[in-house]
Amino acid sequence: MSRYGTAQDQARAAALASLAPGTRCPRCGWPMYATWQEARGSRLPRKLWHLDLGHWPGLAHGGPQQLRLEHAYCNRRAGQATAAARRRRALPPLRPRQRRPVTAARRRARW
Ligand SMILES: [Zn+2]
């Protein structure tokens, strides 16, 4: 299950297909590889194997977004940093946590 749904998944797959092996990550400058086989062969740290189609400058900044491949590690770390900065400034989270409604079945299941 992906956060952004099928259109984003297809865009990511297309971007991966056209990624030249070793293209630099726009966030950290380390190389990116479309497949784990290539990544393993390159001795890249395992945390940098997976790639996201990230938003630039970031959904929290609003405005038009550019989609680009970057390490999932770098993309998600940037998102965490943005969330932390929002908490420091006492801003509400960009994407509030969804609470599952307590249904009758779940209430009965409790001890
Ligand atoms: Zn990176």
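Since this is a predicted model, take the numbers as computed values, not measurements. (Residues numbered from 1 in each chain as written. Predicted model: local features only at pLDDT ≥ 70, side-chain atom pairs only at ≥ 80, totals over all residues.)

Undergrad: Help me understand the overall build of the chain in this model?
TA: Assigned secondary structure in the chain consists of four helices and four strands. Start at the N end of the chain and walk to the C end: the helices and strands fall as α-β-β-α-β-β-α-α. Its C-alpha atoms give the chain a radius of gyration of 18 Å, clearly above 13 Å, the size a compact globule of 111 residues would have. Once the C-alpha set of the chain is aligned to its principal axes, its extents read approximately 55 × 35 × 25 Å. The buried share among the 111 residues of the chain stands at 13%. Intrachain contacts of the chain at a sequence separation of at least 6 include 36% that bridge at least 24 residues. (Helix = DSSP H or I, 4+ residues; strand = E, 2+ residues; numbered from the N terminus. Rg over C-alpha atoms; globule rule 2.2 N^0.38 Å. Buried ≥ 20, exposed ≤ 12 C-beta atoms within 10 Å, placed from the backbone. Contact = placed C-beta atoms within 7 Å.)

Undergrad: What am I meant to see in the nonpolar core here?
TA: The nonpolar side chains of soluble globular proteins are, as a tendency, buried together. Grouped together as the largest cluster of nonpolar side chains are six residues: M32, Y33, A39, L51, L53 and L69. In contact with L51, other than residues within four places in its own chain, are L16, M32, L69, E70, H71 and A72. (Core = buried A, V, L, I, M, F, W, Y, C linked by C-beta atoms within 7 Å.)

Undergrad: Hey, could you run me through helix α3 (residues 72–88) in this one?
TA: Here α3 is 17 residues long and its end C-alpha atoms lie 24 Å apart, about the 24 Å a rise of 1.5 Å per residue gives. Those residues of α3 that fall on the buried side of the exposure criterion are Y73, C74 and N75. Packing partners of the buried residues in α3 comprise β3 (51–56) and β4 (66–71). Where α3 terminates, the next one or two residues include A90, which has phi positive at roughly 60 degrees. (Expected span 1.5 Å × (residues − 1).)

Undergrad: Could you clarify how one ought to interpret helix α1 (residues 6–17) in this entry?
TA: Helical geometry: 3.6 residues make up each α-helical turn, so side chains three or four residues apart lie on a common side. Taking 1.5 Å of rise per residue, 12 residues should cover 16 Å, and α1 covers 16 Å from first to last C-alpha, within 8% of that figure. With zero of 12 residues buried, α1 lies mostly on the surface of the structure.

Undergrad: It is not clear to me how unusual backbone geometry should be interpreted in this structure. Could you clarify?
TA: A negative phi holds for most residues other than glycine; trans holds for most peptide bonds. The omega angle of the peptide bond from W56 to P57 is 5 degrees, so this bond is cis rather than trans. Relative to the helices and strands, P57 is located in the loop between β3 and β4. With phi around 60 degrees, R43 is a residue other than glycine that occupies positive phi space. Secondary-structure assignment places R43 in the loop between α2 (36–41) and β3. Residue classification places R43 among the exposed residues on the basis of 6 C-beta atoms within 10 Å. With a phi close to 60 degrees, A90 is a non-glycine residue in the positive phi region. Looking at where A90 falls in the secondary structure, it is placed in the loop between α3 and α4 (104–109).

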